[in-house]
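A structural walkthrough
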Amino acid sequence: MRIFQKILKKKMNIYLDGLLSTIKTDGKYQYLNGIKCPKNLKTDHYKFEIGSDNYKKNLIELFFLLHLFHLFAEKHNLLYSITAGSLLGYYRNGHIMLWDDDIDLLLSKDFSKFINNLWKNSGKSYPIYGDNWRYKKIKLLSYNVILLNRNDSSTWFKIKLNTRNFKGDIGGVDLFLYPNPMNGFAPLAKNIINKRVDNVDKYPFIEYGPVKTRALNKELATILLDGHQNFSNWKKMIHPSLL
C-alpha cells in the first residue's frame, strides 16, 4: 500500500500540475480550468493558496483516503458516491474544483449501517477540535486512519489520516450517512436520493483524477445538485461568489 502511496503522489502531482496550468488571469478575474473565479481565490476550508505545497499535500492525502475507502467499499460490497462539491466538479467539467479542499461522500443505507456498527465496535473515542467531534482509531484494509463522528449527528462522519488540522478547520473526507443529513437540499431531492440509491446501477465507476471511485449516475446527480440551495446554478462555469 505504501508503494501505491508513492505512485499516487507522483500521479497526483502530474494531475494537479495539468489542472493548474489551465489558470488564466483577466483583469480582476481568474479562470480555473475554464471556471470564472475571483482573482487570488483561496480554498474553501483551509484557505490555502491554490497550487501551494500545503494545497498539494492536502489533496494527495484526500485522494489516498478516497482510494482506500473505495477498495474498502468494494471488499465489503457496499455502495457509495461522491456528492456535493465533489460530484458537482465531476459532472460540470470532469475534475475536482480547484478551490475545493475536501471530499464529500454519500453512503447507501447498508453502508451507513456498516459505518455506524464500525464506530460502535471500535473501542474508546477521544474528543477532538473542541466539543464538536470525537474520533476513534480504525483500519481501512491494513492502513491506520481515524474515524470521526460529530457529537450532535449520527449521520455525519469523517475519515482522516491523522489528527492534524490546518488553522482550526477539520477537513478530511466527509461521510454523509443515510438518511442524507446534508443541509440545504430540498425535501424532494433528499427523498428521491434516499429512496433510490441502493441499486448498484445507480453508482457507476468513474475515474476521478488518478483514482477510481463511484458517482451517482447523471440522472440522480442532476436531481441532487438541482435540489440544493447552493448548487442551483451548478452548470454555469462561474464561481458561486460571482453569481
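Summarised in this report is the structure supplied together with it. (Residues numbered from 1 in each chain as written. Predicted model: local features only at pLDDT ≥ 70, side-chain atom pairs only at ≥ 80, totals over all residues. Heavy atoms only, no water.)

Comments concerning the overall build of the protein
Rules: Every helix listed is a DSSP run of H or I at least four residues long, and every strand listed is a run of E at least two residues long, numbered separately from the N terminus. Buried means the residue's accessible area, taken with a 1.4 Å probe over protein chains only, is under 20% of the maximum for its type, while exposed means over 50%, and partly exposed covers the values in between. Residue contacts are defined here by distance: any two heavy atoms, one from each residue, within 4.5 Å place the two residues in contact. Only the protein chains shown count as cover for residues, and the accessible areas themselves come from Shrake-Rupley with a 1.4 Å probe.
Looking only at helices and strands, one finds 6 helices and 12 strands in the protein. By the burial criterion, 52% of the 243 residues in the protein qualify as buried. Across the protein, every contact between residues at least 6 apart in sequence was considered, and the portion connecting residues at least 24 apart equals 59%. About 11600 Å² of surface is accessible on the protein, with carbon and sulfur atoms providing 50% of the total.

A look at the pattern of salt bridges
What counts, and what does not: Just to be clear on terms, a salt bridge is a Lys or Arg side-chain nitrogen sitting within 4 Å of an Asp or Glu carboxyl oxygen.
The final tally for this structure, using the stated rule, is 4 salt bridges. One salt bridge in this structure joins Asp174 and Lys158, with 2.6 Å as the shortest N-O distance. Placement of the pair is Asp174 in strand 10 (residues 173-176) and Lys158 in strand 9 (residues 156-160), with a sequence separation of 16 residues. The residues Asp174 and Lys158 share a single accessibility class, namely buried.

Section: the sheet that holds strand 10
Quick note on the threshold: For two strands to be treated as a pair, DSSP must find at least two bridges joining them. Helix axes use the C-alpha atoms of the stretch in contact, all axes being lines fitted to C-alpha atoms, and the angles between their N-to-C directions lie in the range 0 to 180 degrees.
An order of 4-5-10-9-8-7-6 is seen for the 7 strands of this open sheet, with the pairing classed as mixed. Looking at the sheet topology across the chains shown, the edges are occupied by strand 4 (80-82) and strand 6 (126-128). Ignoring which end each strand starts from, the neighbouring axes of this sheet average 35 degrees apart. For strand 6 and strand 7 (residues 133-140), the ladder comprises 3 bridges, and the chain directions are antiparallel. Note on strand 7: the bridge partner recorded for Pro127 is Arg134. Taken strand by strand, helix 4 (residues 109-120) contacts strand 4, strand 5 (103-107), strand 7, strand 8 (143-150) and strand 9, and its axis lies near 100 degrees from that of strand 7.

Focus: the packing of aromatic side chains
Selection rule: Each pair of aromatic rings taken from Phe, Tyr and Trp, with Trp reduced to its six-membered ring, is defined by centres within 6.5 Å and is described as stacked if the planes are under 30 degrees apart, edge-to-face if over 60, and tilted in the remaining cases.
Scanning all chains against the criterion turns up 13 aromatic pairs. Arranged with centres 5.6 Å apart and planes meeting at 85 degrees, the rings of Phe69 and Tyr80 form a pair that is edge-to-face. Residue Phe69 is found in helix 2 (residues 53-75), and its partner Tyr80 is found in strand 4; the two are separated by 11 residues along the sequence. The pair formed by Phe69 and Tyr80 is uniform in burial state, with each residue classed as buried. Ring geometry for Phe111 against Phe114: centres 6.3 Å apart, planes inclined by 80 degrees, an arrangement best described as edge-to-face.

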